[in-house]
Amino acid sequence: MQIQADENVEAQRNADHGVIIATRDVNVYYGDNHALHGVSLDINKHQVTSLIGPSGCGKSTYLRCINRMNDTVDGCRVTGEIMLDGVDIYGPEVDEVLLRARVGMVFQKPNPFPKSIYDNVAYGPRIHGLADNKDDLDEIVLTSLEKAGLIKEVQDRLHSSGTGLSGGQQQRLCIARALAVRPDIILMDEPCSALDPIATAKVEELIDELKENYTIIIVTHSMQQAARISQQTAFFHLGEIVETGDTEKLFTSPSDERTQGYITGRFG
Amino acid sequence: MTDQAQKEGGNAWQSEAFIKNLTKRKRAERRFRLTGLLAIITALTLLAILLFSIVSKGYTAFVQTFVTLDITFSEEVIDPNGTRDPMELRSANYSKLVQNALRAKFPEVTSRRDLRRLFSLVSGDADTKLREMVENNPELIGKTEPVSLLAGDDVDMVNKGYIDRNLIEDDRRVKDMELSWLDVLEADGDIEIHFNTGFFTNGDSREPEKAGIAGAMVGSFYTLVITMVIAFPIGVMTAIYLEEFAAKNKLTDLIEVNINNLAAVPSIVFGLLGLAIFLNVAHLPRSAPIVGGLTLALMTLPTIIIAARAAIRAVPDSIRQAALGLGASNQQAAFHHILPLSMPGILTGTIIGLSQALGETAPLLMIGMVAFIADIPSGFGDPATVMPVQIFLWADSPERAFVEKTSGAIMVLLGFLILMNAFAIFLRKKFERRW
């Protein structure tokens with residue numbers, strides 16, 4: 001997106017903030033274990049939505065429903081409705097490969113492929129045939145690395161191994177890799193939990209920039225992080241959504257006492 | 001904590017019971033270490049004894065005794081008509097030349113029986129060498145030249161010290177007369193020991209001095225090629241399918257249990273299977289590397305599948321998730337990432353499975369690879385034998401000279417096994433990855 005006059009950007013962003021993902025009554029079962037109980041949540045376009053809650057509350061499970069990564073888990077069953085731009089992603093005509101190209105994912109532990117930095121970023125465009133030739137591919141790789149704020153650090157060693165980078169750089173490489181497929185939505189599953197505060201700050205800054213063009217859903221254990229980077233927050237507890245709403249409101253005047261207890265550190 | 005310690009206000013670690021317990025723990029640990037050390041020493045000693053006995057018996061198999069005789073290439077024996085026709089030269093009686101040379105050397109020997117003994121000083125293979133010399137250079141005809149000829153196995157054994165000269169003559173395979181001839185040859189400097197190239201270039205033979213393991217090596221090679229070509233792709237594909245694609249249910253559990261059981265099935269059972277299917281149903285040639293290879297492939301498959309599954313499982317799930325998260329299909333994730341990353345482990349397992357197959361005898365007995373085959377096989381359908389079977393055959397032969405051949409062949413086989421395992425270790429070290 002071109003940088004325009006401030007008010008234009010503001011206007012456009014406001015116009016963009018419709019609901020992109022609407023989930024209604026989503027239940028997830030791992031075998032006999034009922035992990036998510038009737039979760040309904042709307043995700044706004046071009047905003048950061050953070051999912052918070054104590055460990056095992058189902059926030060990662062919910063996240064993994066949105067790109068159907070739960071399909072890869074044996075014995076996992078999902079019921080309910082997850083509408084992406086009005087289409088049920090669990091509908092029979094939806095191809096999960098296409099869906100995952102549209103909904104990118106960044107994992108908790110940086111997981112670059114044990115290949116070169118270039119090949120890491122180029123992998124997605126290659127399998128989806130996004131580049132017609134070598135120059136196109138170079139362009140995509142460089143742009144993605146630039147968007148992920150990594151280009152300065154790696155431009156002289158694009159062909160050295162991605163696993164040789166530091167933890168924070170690896171995580172930004174994974175973000176660049178997700179961006180290279182040009183998704184609409186990026187799911188982040190505790191992307192900073194394995195990073196030190198400086199690397200975390202860089203990733204947070206990056207998330208803040210990315211929301212101009214992408215819808216971001218982030219699972220985090222850090223309430224400060226949720227407060228810093230997200231516009232919407234959903235609080236999960238024991239497989240249910242307890243409270244959801246504007247981040248500012250949720251953190252300053254929560255309506256449910258469990259939320260109150262969690263954000264003030266009384267449990268969780 | 002004892003009452004005393006409590007009274008004195010001491011901490012737990014100062015109490016008598018604590019110290020007693022500590023000494024007990026230390027003693028137990030020392031005992032355990034000692035046992036471990038003992039186990040290792042025992043294992044190494046046994047291994048050393050095994051290697052020593054094989055090497056000490058077998059190293060002489062790599063050298064061979066040669067007798068130098070003045071051979072007269074007389075024209076009347078080789079080419080009585082003087083035509084120099086190649087066919088004529090080929091079919092001439094070259095043994096006669098050797099016999100003439102021996103007669104000339106020991107003119108005192110006249111009786112038929114003694115002459116036969118005399119002629120056995122030189123291997124029956126000597127005529128081949130003379131024929132080749134003449135065919136390559138017909139100019140030799142009519143000349144007399146000293147030629148170094150392969151000695152008979154008895155001479156070889158005496159020369160290598162395997163026959164005790166002090167035994168009474170009746171108990172000795174080599175009689176006094178032969179020993180006296182040998183002494184004469186020795187005194188004239190006509191007996192030499194050379195590196196035994198024939199051991200590596202000849203096929204099997206009834207005469208120990210001519211027997212070599214080339215036939216068995218080539219047979220083993222063809223057999224292993226078949227085994228690898230069949231077992232590797234099928235094994236890897238099975239492993240990939242079971243790990244990455246198959247649903248986890250009762251059926252796949254059953255398959256897994258059965259594969260694990262197959263790995264433990266005695267190899268002779270696979271031989272029976274090979275006999276029943278490849279020979280009796282498919283009518284493939286008996287004793288051929290193709291059948292041996294197929295049979296060994298059946299035996300090696302479970303090993304490869306188990307090793308490949310373990311290697312695939314060792315690839316972190318995060319790699320799979322990263323690929324799937326980018327929109328790769330299952331197949332792309334498997335073939336772009338998981339298979340290449342698990343390849344070192346798969347190859348290691350495969351090589352270990354193949355070296356098992358290389359040392360396998362029992363199943364091959366069932367499909368007729370135990371036959372005596374003197375020719376070096378030139379294809380997958382030729383009758384052949386393999387190294388371990390050759391060892392078995394030689395160990396079963398009555399001639400004294402086959403003892404060293406047996407050990408020599410074992411050494412060659414062990415050499416190949418060590419090479420293959422070293423290659424497996426090399427692959428593992430080279431491509432080992434840490435996440």
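Predicted model only: the values in this text are computed from it and were never measured. (Residues numbered from 1 in each chain as written. Chains lettered and ligands numbered in written order. Predicted model: local features only at pLDDT ≥ 70, side-chain atom pairs only at ≥ 80, totals over all residues. Heavy atoms only, no water.)

Chemist: How do you make sense of the side chain of Ser148(B) when you look at a structure like this?
Modeler: All names here are of chain B. Relative to the helices and strands, serine 148 is located in strand β2 (residues 144-150). For serine 148, a relative accessible area of 18% translates into the label buried. The residues touching serine 148, leaving out its near neighbours within four places in the chain, are Phe66, Val67, Thr68, Lys129, Glu192 and His194. (Helix = DSSP H or I, 4+ residues; strand = E, 2+ residues; numbered from the N terminus. Buried < 20%, exposed > 50% of the residue type's maximum accessible area, 1.4 Å probe, protein only. Contact = heavy atoms within 4.5 Å.)

Chemist: Explanation requested: the interface of chain A and chain B in the structure shown.
Modeler: Where interface size is given, it is often the accessible area lost as the parts come together that is meant. Between chain A and chain B, the residue contacts involve 23 residues of the former and 18 residues of the latter. Between chain A and chain B the total buried area reaches about 1,700 Å² when both faces are included, carbon and sulfur atoms providing 62% of it. The largest contributions to the chain A side of the interface with chain B come from Phe113(A), Pro114(A) and Tyr123(A), which together make up 31% of the buried area. Joining chain A to chain B, the criterion identifies zero salt bridges. Inspection of the chain A/chain B interface yields five residue pairs in polar contact (both at pLDDT 80 or more). Residue contributions to the side of chain A that touches chain B peak at four residues, all from helix α4 (residues 117-128) of chain A. Classifying every residue of the side of chain A that touches chain B by side-chain character gives 13 nonpolar, five polar and five charged. (Buried area = accessible area lost by both parts, 1.4 Å probe. Salt bridge = Lys/Arg side-chain N within 4 Å of Asp/Glu carboxyl O. Polar contact = N/O pair within 3.5 Å; in protein donor to acceptor, adjacent residues only side chain to side chain. Nonpolar A, V, L, I, M, F, W, Y, C, P; charged D, E, K, R; others polar.)

Chemist: Explanation requested: helix α8 (residues 197-210) of chain A in the structure shown.
Modeler: For an α-helix the count is 3.6 residues per turn, leaving residues at separations of three or four pointing the same way. All names here are of chain A. Relative to the 20 Å expected for 14 residues at 1.5 Å per residue, α8 spans 20 Å between its end C-alpha atoms, a close match to the ideal helical length. Along α8, the residues classified as buried are Ala199, Thr200, Val203, Glu204, Leu206, Ile207 and Leu210. Seen along its axis, α8 keeps its buried residues to an arc of 160°; they face one direction. Residues of α8 that are exposed and angled more than 90 degrees away from the buried face: Pro197, Ile198 and Glu205. At its buried positions, α8 is contacted by β3 (48-52), α5 (134-147), α7 (167-179), β7 (185-189), β8 (215-219) and α9 (223-229). The N-terminus of α8 is capped by aspartate 196, whose side-chain oxygen sits 2.9 Å from the backbone nitrogen of isoleucine 198. (Expected span 1.5 Å × (residues − 1). Arc of directions from axis to C-beta.)

Chemist: Whenever I open this one, the nonpolar core confuses me. Can you help?
Modeler: In globular proteins that are soluble, nonpolar side chains generally tend to be buried together. In this structure, Ile21(A), Leu51(A), Tyr62(A) and Ile217(A) are the most contacted members of the largest nonpolar core, which totals 54 residues. Not counting residues within four places of it along the chain, the set of residues in contact with Tyr62(A) comprises Thr23(A), Leu36(A), Val39(A), Leu41(A), Ile43(A), Leu51(A) and Phe236(A). Counting residues in hydrophobic clusters, the runner-up holds 39 residues, among them Phe119(B), Leu140(B), Ala151(B) and Leu182(B). (Core = buried A, V, L, I, M, F, W, Y, C linked by side-chain atoms within 4.5 Å.)

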